[in-house]
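Understanding the architecture of this molecule
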Amino acid sequence: MPYLIIKKNEEIISEPEIHRTPFKIGRLPDNDLLLPDLSVSREHCVIFRDSDEYYIRDLESKNGTFLNTVRIVTPCKLNEGDVIDIGEYTCIFRLGIPEFRKPLPGTQRTINVETLQERLFIRHGNRGNRINMHFYILHQLAKSLLLNPEIMQVYDTALAMLLQSIEAERGAIITYNDKGMLEITAKRSILEKVQSEPEINMKIANEALEKIATIITTDHKESRQIICSPLWEKSKLYGAIYLDGDVKKANFSESDLELLTAVANMVAIAIKQSELYERFKKETILRHNLEQYFSPDIVKEILSDSMGVSKVNMGIEERYGTVMFVDIKDFTTLSENLPPKDLLEILNEYLEICSKTIFKYKGSVNKFIGDGVMSVFGLPFPLKNDAEMAINAGVEIIRLIRDFTSKLSSEKRFRAKIGINSGRMIAGNFGSSHRLEYSVLGDVVNIASRIEGIAKPDQILIGENTYRMVKEKFRTAEVGNIWLKGKNESLRVFEIIID
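Notes on the structure follow.

About the thresholds
- Residues numbered from 1 in each chain as written.
- Predicted model: local features only at pLDDT ≥ 70, side-chain atom pairs only at ≥ 80, totals over all residues.
- Heavy atoms only, no water.
- Helix = DSSP H or I, 4+ residues; strand = E, 2+ residues; numbered from the N terminus.
- Contact = heavy atoms within 4.5 Å.
- Areas by Shrake-Rupley, 256 points an atom, 1.4 Å probe, with all protein chains shown as cover.
- Pairing = 2+ DSSP bridges.
- Phe/Tyr/Trp six-rings, centres within 6.5 Å; stacked < 30°, edge-to-face > 60°.
- Buried < 20%, exposed > 50% of the residue type's maximum accessible area, 1.4 Å probe, protein only.
- Disulfide = S-S within 2.5 Å.
- Expected span 1.5 Å × (residues − 1).
- Salt bridge = Lys/Arg side-chain N within 4 Å of Asp/Glu carboxyl O.

Moving on, we get to the overall build of the protein. When helices and strands are tallied, the protein shows 11 helices and 24 strands. Taking the intrachain contacts of the protein between residues at least 6 apart in sequence as the baseline, contacts between residues at least 24 apart amount to 58%. Carbon and sulfur atoms provide 50% of the accessible area of the protein, an area that totals close to 26,500 Å².

With mixed pairing, the five strands of this open sheet are ordered in space as 4-3-5-6-9. Strand pairing shows two members of the sheet lacking a second neighbour, strand 4 (33-34) and strand 9 (76-77), which therefore form its edges. By the bridge criterion, three bridges tie strand 3 (residues 23-26) to strand 5 (residues 45-50) in an arrangement that is antiparallel. The partner of Phe-23 across the bridge, within strand 5, is Ile-47.

The next subject is the packing of aromatic side chains. Aromatic rings in a pair are described by how distant their centres are and how their planes are angled relative to each other. What the rule picks out here adds up to five aromatic pairs. Taking the centre distance of 6.3 Å and the plane angle of 65 degrees together, the rings of Phe-404 and Phe-414 count as edge-to-face. Taken together, the positions of Phe-404 in helix 9 (residues 386-406) and Phe-414 in the loop between helix 9 and strand 20 (416-431) put the pair 10 residues apart, joining distant regions of the chain. Given a relative accessible area of 4%, Phe-414 falls into the buried group. The rings of Tyr-350, Phe-404 and Phe-414 are connected pair by pair, giving a single aromatic cluster.

All right, on to the state of the cysteines then. On inspection of all chains with the given rule, the structure shows zero disulfides. Considering cysteine sulfurs only, Cys-45 is the nearest to Cys-91, which forms no disulfide, with 7.4 Å between them.

This brings us to helix 8 (residues 340-360). With 21 residues, helix 8 ought to run about 30 Å at 1.5 Å a step, and its terminal C-alpha atoms sit 30 Å apart, in line with that. Of all the positions in helix 8, only Leu-343, Ile-346, Leu-347, Tyr-350, Leu-351, Ile-353, Cys-354, Ser-355, Thr-357, Ile-358 and Phe-359 are classed as buried. Taken from the residues just after helix 8, Lys-362 is the one with a positive phi, measuring 60 degrees.

By the element assignment, Asp-342 lies in helix 8. Its relative accessible area of 22% is what places Asp-342 among the partly exposed residues. Considering only alpha carbons, one finds Asp-342 and Lys-412, 70 residues apart in sequence, at a separation of 8.3 Å.

Another aspect to go through is the pattern of salt bridges. Inspection of every chain in the model, using the stated rule, returns 24 salt bridges. Notably, a salt bridge pairs Lys-412 with Asp-342, separated by 3.9 Å at the nearest N-O pair. Taken together, the residues Lys-412 in the loop between helix 9 and strand 20 and Asp-342 in helix 8 connect sequence positions 70 residues apart. The partly exposed category is assigned to Lys-412, whose relative accessible area is 22%. Its salt-bridge partner being Asp-458, residue Arg-415 comes within 3.0 Å of it at the nearest N-O pair. In this pair, Arg-415 is assigned in the loop between helix 9 and strand 20 and Asp-458 in the loop between helix 10 (443-454) and strand 22 (460-463), connecting sequence segments 43 residues apart.

In structure tokens:
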């Protein structure tokens, strides 16, 4: 009995016997030999017998049938060892009994797993075995879901697989755009004259979505048979998969309906996965940016706000909070006496101490100004004890810097000074359309900066509003009334006594 050795990419896929004639070869399960690839037509070619001779005839396939590299236009006789090219497959015609080779003793044979999967499918996906075809399509699509985070690749794979199994001429993925309107997102067609295609019947797509049901119907005006299934995952509709074909050729079955429904469900899951993946990427970038300025608790709140959970307002508004300025005393002198590398190392460690301590006490690093650090407490999320938390952070920063510099040589040592003030200020996202940052401004902020400017090394000075809120919790001493440039009245300033 003659048989074929089927190869793809130089790998032997199968060795099916030509158990009867005519022996049809094509992409649909109704063929005697099913070759699951879009390069193969639905009914591609046929091998038949005349007396004791075997012949092959092309069935007007799109890509042609080639015998020994020559495209055939009339029936051609097959001889032992003839090579038949059908799409991506190479078939060698053999006479006799298939030799299912086994490895010789002491040798090893390796077969690619994907090749084995395709071999099993070709071997068992013959005439009438539509279940195997559907299983193969769902298997391939499942692989695509796992391997392709890009949703457009999933769309293309789904349509390609469906057009292999269902007798449709074209397929489309229809999804909702940002305005809530349906639009064609992906499309595939086996029609040669694409420009003459009738329009996709969006009315049928809308009906499938409204009913949340797969629909088989006929568009008599365009002479098209249509099958359409919603992309539905639990309670959310993403769109629909739409297939159609010439009413004279297409004959969609109950089996096609079941397959399309299963594929639509898998595509809907892929869309949801894609949304989650994009959301994860955006959140990762946002988290990375926020963690440079906010404490982990505040980052968590801001991220939950971006997902619609928190009710914090990041817009511009007047808010109450506490501002702290930290600066290195005589930084200019320090920078003049140290090599740039040493200076940078010291500065980075100093800024690290400030940032970690501010975050520890639920503050936000608003900005770095050279060797200065501006931070805010009680914004963007309110704290009941923002002034207390700011002072605790300031005291710890002074102590940590003392410990750090005590281990340095004398020319590298430095001291910090701190100014703190509380009150109402303008807070929100400021900047241009290209770059925004959350910041605060106003008289309270300016006073905090001026207070820090008059502080001495290792000294924390606070404004009167801050003093009123913490006078029972910290040891303080009144520095006295001071005049600040641009102010018509003197301001009472207090010192936090650090043990």
